[in-house]
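Each chain, written out:
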Amino acid sequence: MLLQAHQLKKSFQSVDGPVPVLRGIDLSVDAGETLALTGESGSGKSTLLHILGGLDVVDSGTISLEGHDITGLDDTGRAALRRDTFGIIFQQFNLIPSLTVAANIAFQARLAGKASTDGLAHLADALGLTEQLNKYPEQLSGGQQQRVAIARALAVRPKLVLADEPTGNLDEDTAEQVLAQMLDLVADTGAALVMVTHSPTLANRMGRRLHLRQGQLA
Amino acid sequence: MTAAGFHALWSHWRRNPLQLFTLVAGLALATALWSGVQAVNAEARASYGAAAATLGEGQFDQLLPAQSDTIAQADYIALRRAGWQVGPVVDGRLDADGTQIRILGIDPLTAPNGFDAVGEGQPVDLVDFLSKPTVFANADTADLLKGLGVRVIEDAGVASGMAITDVSVAQDVLSLPGQLSRLVIANQQPLGVPPLADVVPNLTRVAAQSGTDVARLTDSFHLNLTAFGLLSFAVGIFIVHGTIGLAFEQRRSMVRTLRALGMPLRRVMVLMGVELIVLALIGGGVGVVMGYLIAAALLPDVAATLKGLYGADVSGTLQLRPSWWISGLLISVAGTGVAAIGSLMQVARMPLLASARPQAWLTASSARRILHVAISGLLLAVAVALGVWGKGLVLGFVMLGALLIGAALALPLILDVALRLGQARARHVIWEWFWADTRQQLPGLSLALMALLLAMAANVGVSTMVSSFRLTFVGFLDQRLASELYVTAQTPAQSEALQAFLKPQVRVILPVLSVQTDLAGLPTDLYGARIDSTHRDNWAFLEARSDAWDSVDTGRGIIINEQLARRAGLWVGDDVSLGGSRILPVVGIYGDYGNPIGQAIVQEDLFNALHPNQIPTRFGLRTDTPDSVRKALIDDFGLPEANIIDQAGIKAFSLSIFERTFTVTGALNVLTLAVAGFAIFMSLLTLASMRVPQLAPAWALGLTRRKLGQLELTRAAILAVLTATAAIPLGLALAWVLLAVVNVEAFGWKLPMYVFPAAYAKLCGFALLAAIVAALWPALRLARTPPTDLLKVFANER
């Protein structure tokens, strides 16, 4: 078992009082597994992904990674986890606009001290980015930018890739291509993948699918 | 991890070189103006400090000859034998290749200060010094003394134009064998020494000028310079604040990504802090060098001003001292810290999952606006309170600071109200859009406009002060230099013969009798005046009894200058003791601009009764034929031409001194306005690229790019005019503080304030021109924005 979550609960404050977003989620992810998280807007799927990736914290419940409890990690501990163990792909790409494509791809791997020139070249080649390496993000199309984000996430050779609607900003054809490339590369690296998506078609291409409704697994 | 993080942060500047340039240039300009002024101040202080210390002036009582120019060396010997601790001084001027050099001879064994002023901190070998004729002078002066036949030792601590040597060498060089200029009296004297009057009845004791020494006088001048340096620094820091705010805002998403990818917040903060310190040091370093150049350019004027106004000698050369580097770099880092602290705290508090707000810099939150208005109101209230109840120079400057910063913070609100009015009155759709768009742009331009406001207010304030000073001073010269000619007898013995010669040739002879004394416990120049219609017709009192001149003329009253009135708390009707049982009421108080110490005037006969040994050697002459009187004095009486000064000459000389006084502040004004213009230019340039999303819809709906460019220029002009309109009352308030508060505290007199509408209109014209020039390039860039860039705004992928 790579990751196990038990009774995760999370609320956000509003003017009318706390609004529960996660109401006791139990979840496990095996090494190399691909898992789709689907649900309506506001069902809590992005919040769940953020919590699993150490971007946010739970109100209650536990999360363990390879048997180690990571729920109580402080900011520095969670930062180390994101840097060394996870690869995170955002819907808005979140590339660094002032760095070239090559520097963006290498960035997280350099933070983690895992950068390898060969590995980066292989990723760029596999994602069709070789010609774009010296360009800046603003010079790329949306599909190309998301490929850079995927390459960045995989360059660190993560155990778990967390993707938050990675094709949400792309047209249908581009989304299909990007997803295919992402799945191939994730399979190559042996990482597990948890992907949040609205699309039932994309979700069906994953090994397993979980549906959230009002903060609970349906 | 650190290298990767730093690389990412630094890449922002690489991709935004204009922003980097603005930041470094802002820091450099701010530091340059600050360190330049400090450099001038430090150099001037070091230079005349050495002279003052050597002379002993202002620190020790002195003995001066009562009736001749010199003291016989025998008098000095008599005093020493009687037990008096006095030191001889020979003071004279030597012509060296057309340059006048002041030769100061002292006796290192008996001078109260010894040789502290020379030797550059190292003890001087007295045996060597006394056995070989030696002169100390700085490098410039030393060159001129080479032909003197004595050993010349270069000493940077000696003031320019001065040479310090032993008494015997000075007597020799100045051809004054056996004669001394004065004797300096040590503060501590043995018990039981006989009274001075018994030993040297022919010498007059002059009290130490403790309240009026050179350092204290020039301090007020330096304080003015420092205040303007600080104001200029504040204008520069506005630029830095704006640039840092923008850069941090643009990097919010980068910071979020860095943290999402695993860089701890603490590390991000440390890296950003280090990055800012590095930039501050670079900007500060450039600024110190620029400051040195500014100081080098200003120093001749500062030197002339100090010498003209206070008689303080300042070297015309500048040394790049290590302390400037350190203070310049420190002020740059501190200024950056002040400018960045808010942005850094925002980053520190920013939640990891906060959505990026790239336009937040342009849309200041209403909460922040309310905070600024509240702070502004508080500062303006503090300024008013200090104006009513504050006392002292420091509080005067605190009031100045509160007034300026409070007004600057209120500016966006004032402009917003004005723009709302414009919007409400707009009848055409383009103008409705224009006013609304200008309001939206206001937060992004606020800092630059605040900088312009401060620079213009400083300009209005200082020009009002200078012009008011000038008007008052010219009136004062007309009053005080009413006589057509002023003549000086060569010796006291010649005085009577001169008066007898002049009597049939002029209408009135007005002797100038004066002595330094103490009135109400303060050092004062007491004058004896032959009261005449010259006084009654030309003198204007600040406050006086209606029969003031009659009272003085009959020896029943005394008139005093404003400085003495303020320092001693003496006003019309108060009694003043003139020594012994002689007590006179103050019957009038007159303005005495430019004079550092107290002054009082009594009738001539009364003066002679009080100081029977004083013989007048200077006379004012009222005549209708000044040219023929001058000719007769030279040809028939044999008076040297140098001893005759005509009124026009004195006025021209006095005015020239005065005009130089404010050359430095004038130069700083121009520089500050230029910095503000630069701030507007950089803000508009930065905004131009960020405003494409706002302008694209207007373009899509039918406004041409050319029209958009024209509207940008119009916008800059309107904002500049509105800012200038706010700057004029602020500048007048600044002038009032300078004239009625700071001037009184620093110089001891209050100046009437005049307003100069034509000068302010000219200044508005300059500000308008600066704003239009600053807006020209951004407007041109906008007018040439490729349609593809405008279309991208509507593309989904962006």
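The shown structure was predicted, so the numbers you read here are calculated from the model rather than taken from an experiment. (Residues numbered from 1 in each chain as written. Chains lettered and ligands numbered in written order. Predicted model: local features only at pLDDT ≥ 70, side-chain atom pairs only at ≥ 80, totals over all residues.)

Visitor: It is not clear to me how the overall build of chain A should be interpreted in this structure. Could you clarify?
Guide: Each helix and strand counted, chain A has 7 helices and 10 strands in total. Here chain A, with 218 residues, has 49% of them falling under the buried criterion. (Helix = DSSP H or I, 4+ residues; strand = E, 2+ residues; numbered from the N terminus. Buried ≥ 20, exposed ≤ 12 C-beta atoms within 10 Å, placed from the backbone.)

Visitor: Explain the overall build of chain B to me, please; I cannot follow it from the model alone.
Guide: Each helix and strand in chain B was counted, giving 26 helices and 20 strands. In chain B, buried positions account for 43% of the 798 residues. Summarising the internal contacts of chain B: among those between residues at least 6 apart in sequence, 81% fall at separations of at least 24. (Contact = placed C-beta atoms within 7 Å.)

Visitor: How should the interface of chain B and chain A be read in this particular structure?
Guide: Reports of interface size often rely on the accessible area that becomes lost once the parts have come together. Across the boundary between the two partners, chain B contributes 20 residues, which contact 22 residues of chain A. Listing elements by their share of the side of chain B that touches chain A, those giving two or more residues are helix H1 (2-15) and helix H9 (252-260) of chain B. Sort the elements by how many residues they give to the side of chain B that touches chain A and H1 of chain B lands first, with 6 residues. Here the side of chain B that touches chain A is composed, by residue class, of 11 nonpolar, 5 polar and 4 charged. (Nonpolar A, V, L, I, M, F, W, Y, C, P; charged D, E, K, R; others polar.)

Visitor: Even after reading the chapter, I still don't get the environment of leucine 162 of chain A, so can you show me in this structure?
Guide: Residue and element names in this part refer to chain A. Secondary-structure assignment places leucine 162 in strand S7 (residues 160-164). Note on leucine 162: 27 C-beta atoms within 10 Å, which makes it buried. Sequence separation between leucine 162 and phenylalanine 90 is 72 residues; the distance between their C-alpha atoms is 8.5 Å. Sequence-distant contacts of leucine 162, defined by excluding residues within four places in its chain, comprise Leu49, Leu52, Gly53, Phe86, Ile88 and Val194.

Visitor: How do you make sense of the packing of helix H5 (residues 142-155) of chain A against helix H6 (residues 172-189) of chain A when you look at a structure like this?
Guide: Axis angle and axis distance: for two packed helices, these are the angle between their axes and the distance between the axes, and together they describe the pair. All names here are of chain A. Across the interface, H5 lies against H6 with an axial gap of 10 Å and an inter-helix angle of 10°. It follows that H5 is roughly parallel to H6 by the angle criterion. Judged by residue contacts, Gly143, Gln146, Arg147, Ile150 and Leu154 of H5 engage Thr174, Val178, Gln181, Met182, Leu185 and Thr189 from H6. Considering only residue class, the contact of H5 with H6 consists of 5 nonpolar, 5 polar and 1 charged. (Axes fitted to C-alpha atoms, helices over the stretch in contact; angles between N-to-C directions. Parallel < 35°, antiparallel > 145°, perpendicular 65-115°, else oblique.)

Visitor: Before we go on, may I ask you to explain the sheet that holds strand S5 (residues 68-69) of chain A in this structure?
Guide: Pairing between the strands of a sheet is mediated by backbone hydrogen bonds and can be parallel or antiparallel. All names here are of chain A. Ordered by their spatial adjacency, 4 strands build an open sheet running S2-S1-S4-S5, and the pairing between neighbours is antiparallel. Of all the strands in the sheet, just strand S2 (17-29) and S5 have a single pairing partner and so form its edges. This element, helix H1 (residues 45-52), spans strand S1 (3-14), S2 and strand S4 (60-65) of the sheet and lies at about 120° to S1. (Pairing = 2+ DSSP bridges.)

Visitor: Can you help me understand the packing of helix H4 (residues 117-126) of chain A against H5 of chain A in this one?
Guide: Residues and elements named next belong to chain A. Where H4 contacts H5, the two axes come as close as 10 Å, and the packing angle between them is 145°. In terms of crossing hand, the pair formed by H4 and H5 is right-handed. Across the interface between the two elements, Gly119, Leu120, Leu123 and Ala124 of H4 pack against Ala151, Leu154 and Ala155 of H5. Per-class residue counts for the contact of H4 with H5 are 6 nonpolar, 1 polar and no charged. (Left-handed = near helix turned anticlockwise from the far one by under 90°.)

Visitor: Help me out: how do you make sense of the sheet that holds strand S10 (residues 216-217) of chain A in this one?
Guide: Residues and elements named next belong to chain A. Read across the open sheet, the 6 strands follow the order S6-S7-S8-S3-S9-S10; overall the sheet is mixed. Single-partner strands in this sheet number two, and they are strand S6 (86-89) and S10. Looking at chain direction, strand S3 (residues 34-39) and strand S8 (residues 192-196) are connected through 4 bridges and run parallel. Looking at S8, one finds that leucine 37 is bridged to valine 196.

Visitor: How should I be thinking about helix H2 (residues 75-84) of chain A in this particular structure?
Guide: Taken together, the buried positions of H2 of chain A are Arg78, Ala79, Arg82 and Arg83 of chain A. Buried residues in H2 of chain A, looked at end-on, bunch into an arc of 140°, giving them a common side. Against the buried residues of H2 of chain A lie S6 and helix H3 (101-111) of chain A together with H9 of chain B. (Arc of directions from axis to C-beta.)

Visitor: What is the right way to look at the pairing of strand S17 (residues 583-590) of chain B in this model?
Guide: Two faces, one strand: in a regular strand the side chains alternate between the faces of the sheet. All names here are of chain B. Most of S17 is tucked away: 6 of the 8 residues are buried. When strand S14 (residues 541-544) meets S17, the two strands line up antiparallel, connected through 3 bridges. Counted as the bridge partner of alanine 544 is glycine 588 from S17. As judged from the 4 bridges shared by strand S15 (residues 558-561) and S17, these two strands associate in the parallel manner. Paired with isoleucine 560 across the bridge in S17 is isoleucine 589. Pairing of strand S16 (residues 575-577) with S17 involves 3 bridges; the strand directions are antiparallel. Considered in S17, the bridge of aspartate 575 is made with proline 585.

Visitor: Honestly, the pairing of S2 of chain A in this entry has me stumped. Any pointers?
Guide: All names here are of chain A. With 10 bridges joining them, S1 and S2 adopt antiparallel strand pairing. Its bridge partner being in S2, leucine 8 is matched across the sheet by isoleucine 25. Linking two consecutive strands that pair antiparallel, namely S1 and S2, is a turn of 2 residues.

Visitor: Just to check I follow, could you spell out the nonpolar core for this structure?
Guide: As a rule of thumb, nonpolar side chains are buried together in soluble globular proteins. By size, the foremost hydrophobic cluster in this structure holds 192 residues, and its most contacted members are Val194 of chain A together with Ala451, Leu452, Leu453 and Leu454 of chain B. Counting residues per element, this core draws most heavily on helix H14 (residues 429-480) of chain B, which supplies 20 residues. Apart from residues lying up to four places away in sequence, alanine 451 of chain B is in contact with Val235, Phe238, Ile239, Ala676 and Ala679 of chain B. Trp84, Val86, Val90 and Leu176 of chain B belong to the second largest nonpolar core, which has 32 residues in total. (Core = buried A, V, L, I, M, F, W, Y, C linked by C-beta atoms within 7 Å.)

Visitor: Looking at this model, I keep getting lost on unusual backbone geometry. Mind explaining?
Guide: Of all residues except glycine, most have a negative phi; of all peptide bonds, most are trans. Even without glycine at this site, arginine 157 of chain A takes up a positive phi of about 50°. Note on arginine 157 of chain A: 16 C-beta atoms within 10 Å, which makes it partly exposed. Despite not being glycine, alanine 520 of chain B has its phi angle at roughly 55°, a positive value.

Visitor: What is the right way to look at the confidence of the model for chain B in this model?
Guide: Low-pLDDT stretches of the model should not have their predicted coordinates read in fine detail. All names here are of chain B. Confidence in the prediction of chain B, expressed as mean pLDDT, is 78, and 79% of residues score 70 or more. This stretch, residues 209-217, has a pLDDT under 50; its non-local contacts, to residues over four places away or in other chains, come to 21 contacts. Residue range residues 356-363 is modelled with pLDDT below 50. Its contacts to residues more than four positions away, or to other chains, number 14 contacts. In the model output, the complex is listed with pTM 0.60 alongside ipTM 0.72. (pLDDT = per-residue confidence, 0-100.)

Visitor: What is the right way to look at the environment of glycine 620 of chain B in this model?
Guide: Residue and element names in this part refer to chain B. The residue glycine 620 is located in strand S19 (residues 618-622) in this model. You can call glycine 620 buried: it has 23 C-beta atoms within 10 Å. A C-alpha to C-alpha distance of 9.4 Å links glycine 620 and glutamine 647, two positions 27 residues apart in sequence. Apart from the residues within four sequence positions on either side, glycine 620 is in contact with Ser483, Tyr486, Leu510 and Val512.

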